[in-house]
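Observations on chain architecture
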Amino acid sequence: QVQLQQWGAGLLKPSETLSLTCAVHGGSFSGYSWSWIRQPPGKGLEWIGEINYSGSADYNPSLKSRVTISGDTSKNQFSLNLSSVTAADTALYYCARDGSGSFALDIWGQGTMVTVS
Amino acid sequence: QSALTQPASVSGSPGQSITISCTGTSSDVGGYNFVSWYQQHPGKAPKLMIFDVNNRPSGVSSRFSGSTSGNTASLTISGLQAEDEADYYCSSYTTRNTLVFGGGTKLTVL
């Protein structure tokens, strides 16, 4: 059974770069696309971006200038970098798998709370 | 990109049916059959309930169904149960090859 395990720094200062990594366990990185999503406390979900197995990425236009998503097929991992963070970037960050190729996110990581203060 | 529009809250009694709407544009909901619905209980990660408008992943109850009409997608839950009380989010693929979520709907089972 495929599981996603994510980790990264949970407390950042304004202007620093947020870095999170998500590892794919029990399945292959190849053949799927992989997303990052965030959820500010008490608020809804926001899609950050997605990378496919060939390394091509797409981003939320509102975050595109600050976001980089990269993948490492040899390690079955993908990562999120978000630069120049502010308090508005405080959120629970999730990684997830697009299982169908139509942005249906069928497997989610446990979430990582990132606070900018 | 603007979030899809969902009602903030809906409620229903056990055994009843409820429908949650999700309104977008012709650039997302109305343009593709790539609408998904997620259930999120407090403190938990979202769970995929419906994908590609009206398909259920393995293990999801047949009480959950989806549909679209024009730029509006709908999630219907029949035979409402206490365990269905949660937040529900729709999402759609967009013309910009991106994903957009709805604002979320809190379902209360009375």
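Just so you know, these numbers come straight off a predicted model, no measurement behind them.

Some details on the sheet that holds strand β8 (residues 77–82) of chain A
Residue and element names in this part refer to chain A. What the four strands build is an open sheet, ordered β1-β3-β8-β7; its pairing is antiparallel. The open sheet has two free edges, formed respectively by β1 (3–8) and β7 (67–72), since each of these has just one partner strand. Strand-to-strand, the axes of this sheet are offset by a mean angle of 20 degrees, without reference to chain direction. Pairing analysis gives six bridges linking strand β3 (residues 18–25) to β8, with the strands arranged antiparallel. Paired with L18 across the two strands is L82, which belongs to β8.

Side note on unusual backbone geometry
One non-glycine residue with positive phi stands out, namely S84 of chain A, at about 50 degrees. Structurally, S84 of chain A is set in the loop between β8 and β9 (91–98). By relative accessible area, which is 42% here, S84 of chain A ends up partly exposed. Phi is positive for N97 of chain B, which is not a glycine, with a value near 60 degrees. Mapped onto the elements, N97 of chain B comes out in the loop between β7 (86–93) and β8 (99–101).

A few points about the pattern of salt bridges
Applying the stated criterion to the full structure yields five salt bridges over all chains. Between D89 of chain A and R66 of chain A there is a salt bridge, with the nearest N and O atoms lying 2.9 Å from each other. Here R66 of chain A lies in the loop between β6 (57–59) and β7 and D89 of chain A lies in the loop between β8 and β9, a separation of 23 residues in the sequence. We classify D89 of chain A as buried; its relative accessible area is 1%. For D84 of chain B, the salt bridge identified is with R63 of chain B, shortest N-O distance 2.8 Å. Of this pair, D84 of chain B sits in the loop between β6 (72–77) and β7 while R63 of chain B is found in the loop between β4 (47–50) and β5 (64–69), placing the two residues 21 residues apart along the sequence. Both residues of the pair, D84 of chain B and R63 of chain B, belong to the buried class.

Considering the state of the cysteines
All names here are of chain B. Summed over all chains, the structure comprises two disulfides over all chains. What pairs with C22 in a disulfide is C90, and their sulfur atoms sit 2.0 Å apart. Linking C22 and C90, the disulfide has an S-S dihedral of approximately 80 degrees and is accordingly described as right-handed. One end of the pair, C22, is in strand β2 (residues 18–23); the other, C90, is in strand β7, with 68 residues separating them in the sequence.

Notes on the interface of chain B and chain A
The interface is formed by 20 residues belonging to chain B together with 20 residues belonging to chain A. The largest contributions to the chain B side of the interface with chain A come from P46, L99 and F101 of chain B, which together make up 31% of the buried area. Applying the counting criterion to the chain B and chain A interface returns zero salt bridges. There are six residue pairs in polar contact (both at pLDDT 80 or more) connecting chain B and chain A. Those elements that place two or more of their residues in the side of chain B that touches chain A are β3 (35–40), β7 and β8 of chain B. Its residues assigned to classes, the side of chain B that touches chain A shows 10 nonpolar, seven polar and three charged.

Comments concerning the sheet that holds β2 of chain B
Residues and elements named next belong to chain B. In spatial order, the strands read β2-β6-β5; together these three strands make up an open sheet with antiparallel pairing. Looking at the sheet topology across the chains shown, the edges are occupied by β2 and β5. Strand-to-strand twist across the sheet, computed as the mean angle between neighbouring axes with direction ignored, equals 20 degrees. Where β5 meets β6, six bridges bridge the pair, whose relative direction is antiparallel. The residue of β6 that forms the bridge with G66 is L75.

The rules behind each value
- Residues numbered from 1 in each chain as written.
- Chains lettered and ligands numbered in written order.
- Predicted model: local features only at pLDDT ≥ 70, side-chain atom pairs only at ≥ 80, totals over all residues.
- Heavy atoms only, no water.
- Pairing = 2+ DSSP bridges.
- Helix = DSSP H or I, 4+ residues; strand = E, 2+ residues; numbered from the N terminus.
- Axes fitted to C-alpha atoms, helices over the stretch in contact; angles between N-to-C directions.
- Buried < 20%, exposed > 50% of the residue type's maximum accessible area, 1.4 Å probe, protein only.
- Salt bridge = Lys/Arg side-chain N within 4 Å of Asp/Glu carboxyl O.
- Disulfide = S-S within 2.5 Å.
- Contact = heavy atoms within 4.5 Å.
- Buried area = accessible area lost by both parts, 1.4 Å probe.
- Polar contact = N/O pair within 3.5 Å; in protein donor to acceptor, adjacent residues only side chain to side chain.
- Nonpolar A, V, L, I, M, F, W, Y, C, P; charged D, E, K, R; others polar.

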